[in-house]
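Survey of secondary and tertiary structure
Listed below are the residues making up each chain.
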Amino acid sequence: MAGEKLSNDEAAIGPFQLELQKVIREKKLTAEQVYNADESGLYWRLLPDHTLASGNEQSASGRKMMKMRVTFMPCANAAGTHKLQLLVVGKSKNPRAFKSTRLPVCYRAQKNAWVTKDLFLEWFKTEFVPAVRRHLLSVNLPPQALLLLDNCPGHPSADELVSEDGHIFAMFLPPNTTACIQPMDQNVIQNVKLNYRKSLLVNCLALCSENLMDSLKSITLKDTVFLLANCWANVKTSLINKSWKNLHPEFLTDNDEPEDDVPLAQLFNRLRGPNDPQISEAEAQEWAAGGAESELQRYEVLTDEEIVRAAMCEDDEEDEDNSVEILKITKVGNSEAVGALNTALKWAEDNEFDSHEVMFLRRLRDRAFEMKCENYKQKSITDFFKKN
C-alpha cells in the first residue's frame, strides 16, 4: 500500500529476492509477464489551506473537501509496456456525474471507498486475468504471468488469486518491505498524484471563476476519473521500468525518457489571495506528492473496533456525489462542435503541436461533421420545399 509508514524489515528483502528469482527462472517469465499493483488514497478536491484562504482568513476550512476521497490502483508489468486501466473506488455506486459517460477507468463502489477482498478478487478475475492474456498473446508470449502485491488486509490470499488454468498467479512481498521494494511505490504512484494535482490546478484556473471554492465545487467525480486516467496514461514506460531497480534490477533496460518539468509553484501563486504568502516549489511538490502526512488517514492500520466505528459513522458523512451541485447541462450541437474543433485545430497547428495531437483533433472534427450530416441523411430533396 502506498505511503506505508511501518518500519522497514530490510533483512527480509534479500531472501524474498532470491525466492522471486527462482520463480521467474522456473516459470521462464520475462519483464512482460511480471506485474505489480498497489492502491493509494486521493483527496480529489484538496488544495493547501493557505491557498484557499481569502485575505481576511488565516486559513480555509478543508474539512468537507477532505472527505472527497477515492482509492485508485495502478497496475503494470515490469517492462512498462502494459498498463491496465486504473481501478478507481469511490463511495457512490451510480454517481449522477457518470450518466451517459463511458469511463476510461475500472470504477467500483464501496461505502468507505476502500479496496476490499471481495472487490479485489472480482477485479483480478474479470479485469486483470483477461487483460494480461490479451496483452501476452499480442506480443507472442504464453499467457502466463505473476502479480506481485503487498500484504495489506484488502488483498485475498495467494490461493484465491489464481486463474482457472493456474498460469496467472500472485505472490506477496514480505511485511514491512513495500516502501523499499514495491515498484509502484518507487515514484510511480507519486508521479500520478503529482500530475493529477497539477491538472486540478489547471482546471481551476481554466474555469476562470472569481471564487476558487466555486471552481473546486464544479469539479465532479467524472472530472476526477478522467484526470486520473490521463495522468496514468502519461506515466512513461521508462519510469515504470526503473521502479523495479530495488526489487529485480535484471528487468531494467537502457531506455530513458526525460521527465517533464511541473511548475506547480507558479500555478499555486496564481491562485493565492492578495495577502497570501508565496508558496515555494518545494512546498508545492510536497503537497503534490501527498507529503506532510496529508493522507495519513488512508494508510493507518485500523483495528477491528475502528473499522466498525468507521462503518457506523459512514451515513453521517457527506456523499461524494450528493455534495456536488449538479449544474444544468446544455447539450452542444454538432454545428457548434465543428466550429469549436476547427478553432482548436488552427490553434494547435499555429503552435506547432505534435502531429498525432493534430490528427486527433482532425478526427474529432471530421466525426462531428459526419454527425452533423447524419441529420440530413434520411431526408429527400422534396423535404426542403414547403407544400402549398
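Calculation rules
Residues numbered from 1 in each chain as written. Predicted model: local features only at pLDDT ≥ 70, side-chain atom pairs only at ≥ 80, totals over all residues. Heavy atoms only, no water. Helix = DSSP H or I, 4+ residues; strand = E, 2+ residues; numbered from the N terminus. Buried < 20%, exposed > 50% of the residue type's maximum accessible area, 1.4 Å probe, protein only. Areas by Shrake-Rupley, 256 points an atom, 1.4 Å probe, with all protein chains shown as cover. Pairing = 2+ DSSP bridges. Axes fitted to C-alpha atoms, helices over the stretch in contact; angles between N-to-C directions. Contact = heavy atoms within 4.5 Å. pLDDT = per-residue confidence, 0-100. Expected span 1.5 Å × (residues − 1). Core = buried A, V, L, I, M, F, W, Y, C linked by side-chain atoms within 4.5 Å. Parallel < 35°, antiparallel > 145°, perpendicular 65-115°, else oblique. Left-handed = near helix turned anticlockwise from the far one by under 90°. Nonpolar A, V, L, I, M, F, W, Y, C, P; charged D, E, K, R; others polar. Phe/Tyr/Trp six-rings, centres within 6.5 Å; stacked < 30°, edge-to-face > 60°.

Looking at the overall build of the protein chain
Scanning the protein chain from N- to C-terminus turns up 15 helices and eight strands. The buried share of the protein chain, taken over its 388 residues, is 44%. For the protein chain, the exposed area adds up to about 21600 Å²; of that, 51% sits on carbon and sulfur atoms.

Focus: the sheet that holds strand β8 (residues 168-172)
Pairing is mixed in the open sheet, where four strands are placed in the order β4-β1-β7-β8. Of all the strands in the sheet, the pair left with one neighbour each is β4 (75-77) and β8. Neighbouring strand axes in the sheet, compared pairwise and without regard to direction, differ in orientation by 25° on average. Relative to β4, strand β1 (residues 34-37) runs antiparallel, the two sharing three bridges. Each residue of the ladder has a partner; that of Asn-36, found in β4, is Ala-76. Against the sheet, helix α4 (residues 117-138) engages β1, β4, β7 (145-149) and β8, with an angle of about 140° to β7.

Considerations on the confidence of the model for the protein chain
Residue-level pLDDT values for the protein chain average 80, and 69% of them are 70 or greater. Low pLDDT, under 50, characterises residues 291-304; the stretch is placed with 27 contacts to residues that sit more than four places away or in other chains. Counting contacts from residues 322-327, a segment whose pLDDT is below 50, to residues more than four positions away or on other chains yields nine contacts.

Regarding helix α8 (residues 221-233)
A rise of 1.5 Å per residue sets the reference length of α8, with its 13 residues, at 18 Å; its end C-alpha atoms lie 18 Å apart and thus fit the reference within 8%. Among the residues of α8, those classed as buried are Leu-221, Thr-224, Val-225, Leu-227, Leu-228, Ala-229, Cys-231 and Trp-232.

A look at the pairing of strand β3 (residues 69-73)
Regular strands show a simple pattern: their side chains alternate between the two faces of the sheet. The element β3 is largely enclosed, with a buried count of five among its five residues. Here β3 shows a buried face lined by Arg-69, Thr-71 and Met-73 and a second buried face lined by Val-70 and Phe-72. Sheet topology note: the strand β2 (residues 40-43)/β3 ladder contains four bridges and is antiparallel. If you follow Ser-40 over to β3, its bridge partner there is Phe-72. Two strands pair when backbone bridges link them, and β3 and strand β5 (residues 87-90) are joined in this way by three bridges, in the antiparallel orientation. For Thr-71, the partnering residue across the bridge sits in β5 and is Val-89.

Here we look at the nonpolar core
Membership of the largest hydrophobic core comes to 30 residues, with the highest contact counts inside it found for Trp-44, Phe-72, Val-88, Tyr-196, Leu-228 and Trp-232. Contributions of two or more residues to this core are made by β3, α6 (188-206), α8 and α9 (237-242). For this core, the element with the most residues is α8, which contributes seven residues. Apart from the residues lying within four places of it in its own chain, the contact partners of Phe-72 are Asp-38, Glu-39, Ser-40, Gly-41, Leu-42, Leu-86, Leu-87, Val-88, Ile-189, Val-192, Lys-193 and Leu-228. By size, the runner-up hydrophobic cluster in this structure holds 24 residues, among which are Tyr-35, Val-89, Leu-147 and Ala-170.

Brief notes about the packing of helix α14 (residues 334-350) against helix α15 (residues 355-374)
Following both chains from N to C, one finds α14 and α15 inclined at 160°, their axes separated by 9 Å at the closest point. With respect to their mutual orientation, α14 and α15 come out roughly antiparallel. Here α14 and α15 pass one another in a crossing that is left-handed. Residues Asn-334, Ser-335, Ala-337, Val-338, Leu-341, Asn-342, Ala-344, Leu-345, Ala-348 and Glu-349 of α14 lie in contact with α15, whose contacting residues are Val-358, Leu-361, Arg-362, Leu-364, Arg-365, Ala-368, Phe-369, Met-371 and Lys-372. Its residues assigned to classes, the contact of α14 with α15 comprises 12 nonpolar, three polar and four charged.

Re the packing of aromatic side chains
Under the definition given, this model contains seven aromatic pairs. An angle of 85° between the planes, with centres 5.4 Å apart, marks the rings of Tyr-35 and Phe-128 as edge-to-face. Of this pair, Tyr-35 sits in strand β1 while Phe-128 sits in helix α4; the two residues are 93 residues apart in sequence, bridging distant segments of the chain. In terms of burial, Tyr-35 and Phe-128 fall into one category: buried.

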